[in-house]
Amino acid sequence: MADETLFPAALATDAADVVPVELLDALADAGLYGLTGPAASGGLGADFPTACAVVEALASGCLTTTFVWVQHIGVVLAATASQNDEVAALVPSLCRGERRAGLALGGAVPGPPLLRARQTGDGWTFTGTSPFVSGWRRIDLIHTAARSDDGRLVWALIDASESETLTIHRLDLAALNATATVRTDLREHPVPDERVTSVSPYTEGSPPPELLRIHAALPLGVAARCCALLGPTPLDEELLRLRAELDRLDPASMQVSRGASGELAMRAAAALAVATGSRSLVRTEHAQRLVREALFGLVYALRPGSRQALLERLGLAPPA
């Protein structure tokens with residue numbers, strides 16, 4: 001699918017206002033919206049290594065399409081694990097891709113919460129901002145994190161539609177602009193109890209290795225496509241070594257390895273651009289698209305440890 005469906009359309013997708021729905025439909029038809037869902041609900045029940053391999057493969061075809069889709073597979077896991085029967089009932093339609101979900105992290109990022117939750121008699125209200133929500137006009141639900149004043153993290157599925165209490169502002173991105181990424185602003189937005197996936201104490205700390213591994217799969221896919229277009233080079237061995245290191249899920253090295261995945265993608269894309277020559281400046285060439293996709297993978301969702309490691313690799317910071 002990456003080679004025969006996503007990659008041939010990648011330049012057109014990159015230039016589009018929003019990722020073509022036909023590409024997302026193709027992923028749904030292949031069962032990939034249910035990649036992480038249980039077989040009993042129509043999912044594929046893929047284990048974690050398989051999920052990482054699929055994300056990387058699809059990212060090698062088109063990072064834009066993959067980035068919109070990959071938000072969804074995490075929501076399937078959250079809905080499957082939810083103790084809320086109403087949320088659990090949504091899992092089959094999520095696995096089939098009949099309902100498609102995005103992600104809003106405003107309440108989950110470290111520091112003061114951007115999105116706050118207040119408990120009411122029949123649910124919650126969310127107020128604040130989530131600055132980076134992708135897939136607008138292609139998603140039906142947003143898995144949204146908000147934080148309560150008493151230190152609880154509330155995750156809920158809210159409708160991806162504008163209203164008096166939910167407004168959006170489209171962001172103009174240098175890369176993956178067709179993800180239709182928006183800033184969402186909520187003002188006392190009502191969230192009924194039946195849409196709440198979980199409520200738990202909020203804690204800050206190092207991100208789980210599994211999250212960093214999924215994030216790394218995106219630039220690894222970009223690097224893999226660059227390697228395929230370049231032909232055999234020493235970059236191939238670097239890619240294999242880094243993938244193996246990431247697959248160890250070692251908490252002590254994951255943030256460094258996550259940073260290294262973005263740096264490798266950027267070097268591979270730069271090598272492809274140089275090999276392609278001045279044609280890399282033309283929008284009809286894959287090299288320029290992959291350079292911009294590598295930039296996205298370099299900086300997207302960087303945690304402090306990954307950022308520090310990258311700055312060290314680039315010679316801009318002393319070792320921590």
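Described below are features of the structure shown in this document. This is a predicted model, so every value here is computed, not measured.

## Notes on a negative patch on the surface
No. 1: Together, Asp85, Glu86, Asp122, Asp193 and Glu194 make up a negatively charged patch on the protein surface.
No. 2: Position of Glu194 among the secondary structure elements: in the loop between strand S7 (182-192) and strand S8 (196-201).
No. 3: By relative accessible area, Glu194 is classed as partly exposed at 39%.

## What about the pairing of strand S5 (residues 152-159)?
No. 1: Most of S5 sits out of view: 6 of its 8 residues are buried.
No. 2: Pairing analysis gives 7 bridges linking strand S4 (residues 141-148) to S5, with the strands arranged antiparallel. Paired with His143 across the two strands is Leu157, which belongs to S5.
No. 3: Note that S5 and S8 share 5 bridges and pair antiparallel. What sits directly across from Arg152, in S8, is Pro201.

## A look at the pattern of salt bridges
No. 1: Under the criterion given, the structure shown has 20 salt bridges.
No. 2: A salt bridge links Arg170 to Asp17, with the nearest nitrogen and oxygen atoms 3.5 Å apart. Residue Arg170 is found in strand S6 (residues 166-170), and its partner Asp17 is found in the loop between helix H1 (2-15) and helix H2 (21-29); the two are separated by 153 residues along the sequence.
No. 3: For Arg170, a relative accessible area of 30% translates into the label partly exposed.
No. 4: Classification of Asp17 as partly exposed rests on a relative accessible area of 45%.

## A word on the nonpolar core
No. 1: Grouped together as the largest cluster of nonpolar side chains are 72 residues, with contacts concentrated most on Val55, Trp69, Phe126 and Ile142.
No. 2: Take this core: its biggest share by element is 10 residues, from helix H7 (residues 209-230).
No. 3: Other than its neighbours up to four places away in sequence, Ile142 contacts Gly102, Leu103, Ala104, Val133, Trp136, Ala156, Leu157, Ile158, Asp159 and Ala160.
No. 4: Among the nonpolar cores identified, the runner-up in size contains 11 residues, and Val75, Val91, Cys95 and Ala101 belong to it.

## Things to note about unusual backbone geometry
No. 1: The residue Ala180 is not glycine, and still its phi comes out positive at about 50 degrees.
No. 2: On the secondary structure map, Ala180 appears in the loop between S6 and S7.
No. 3: Judged by its relative accessible area of 1%, Ala180 falls in the buried class.
No. 4: Of note in the backbone geometry, Ala301 takes a positive phi value of approximately 55 degrees without being a glycine.

## Section: the packing of H1 against helix H10 (residues 286-299)
Any two packed helices are characterised by how steeply their axes cross, that is the angle between the axes, and by the distance between the axes.
No. 1: Two elements in contact, H1 and H10, have axes separated by 11 Å at closest approach and are oriented at 75 degrees. Accordingly, the angle class assigned to the pair H1 and H10 is roughly perpendicular. Contact residues: Phe7, Ala10, Leu11 and Asp14 in H1; His286, Gln288, Arg289 and Arg292 in H10.
No. 2: Looking at the contact of H1 with H10 residue by residue, the class counts come to 3 nonpolar, 2 polar and 3 charged.

Reading the values: rules and limits
Residue numbers run consecutively from 1 along every chain, following the written order of its sequence. Under the rules for a predicted model, residues below a pLDDT of 70 receive no local features and side-chain atom pairs below 80 are neither given nor counted, while totals for whole chains, interfaces and linings still include all residues. Water and hydrogen atoms were dropped before computing side-chain values, which therefore reflect all heavy atoms in the structure. Patch definition: residues with relative accessible area over 30% and no salt bridge; like charges joined within 9 Å; nonpolar side chains (Val, Leu, Ile, Met, Phe, Trp, Tyr) joined within 5 Å. Computed with a 1.4 Å probe, the accessible areas rest on the Shrake-Rupley method; for each residue, only the protein chains presented here act as cover. Here, a salt bridge means any Lys or Arg side-chain nitrogen found within 4 Å of an Asp or Glu carboxyl oxygen. Only four residue types enter the tally: Lys and Arg on the positive side, Asp and Glu on the negative side, with His and both chain ends excluded. The location of each charge is read from NZ of Lys, CZ of Arg, CG of Asp or CD of Glu. Numbered from the N terminus, helices here are DSSP runs of H or I no shorter than four residues, and strands are runs of E no shorter than two. We call a residue buried when its accessible area falls under 20% of the maximum for its residue type, exposed when it is over 50%, and partly exposed in between, using a 1.4 Å probe and counting protein chains only. Whether two strands pair comes down to DSSP finding at least two bridges between them. Here, nonpolar core refers to any group of buried Ala, Val, Leu, Ile, Met, Phe, Trp, Tyr and Cys residues whose side-chain atoms link them within 4.5 Å. Contacts are residue-level and defined by heavy atoms, with any inter-residue pair within 4.5 Å sufficient. Between N-to-C directions, angles span 0 to 180 degrees; the directions come from axes that are lines fitted to C-alpha atoms, helices contributing only their stretch in contact. Any angle that falls under 35 degrees is termed roughly parallel, while one over 145 is termed roughly antiparallel, one within 65 to 115 roughly perpendicular, and all others oblique. Ten residue types, Ala, Val, Leu, Ile, Met, Phe, Trp, Tyr, Cys and Pro, are classed as nonpolar, four, Asp, Glu, Lys and Arg, as charged, and the remainder, Gly among them, as polar.

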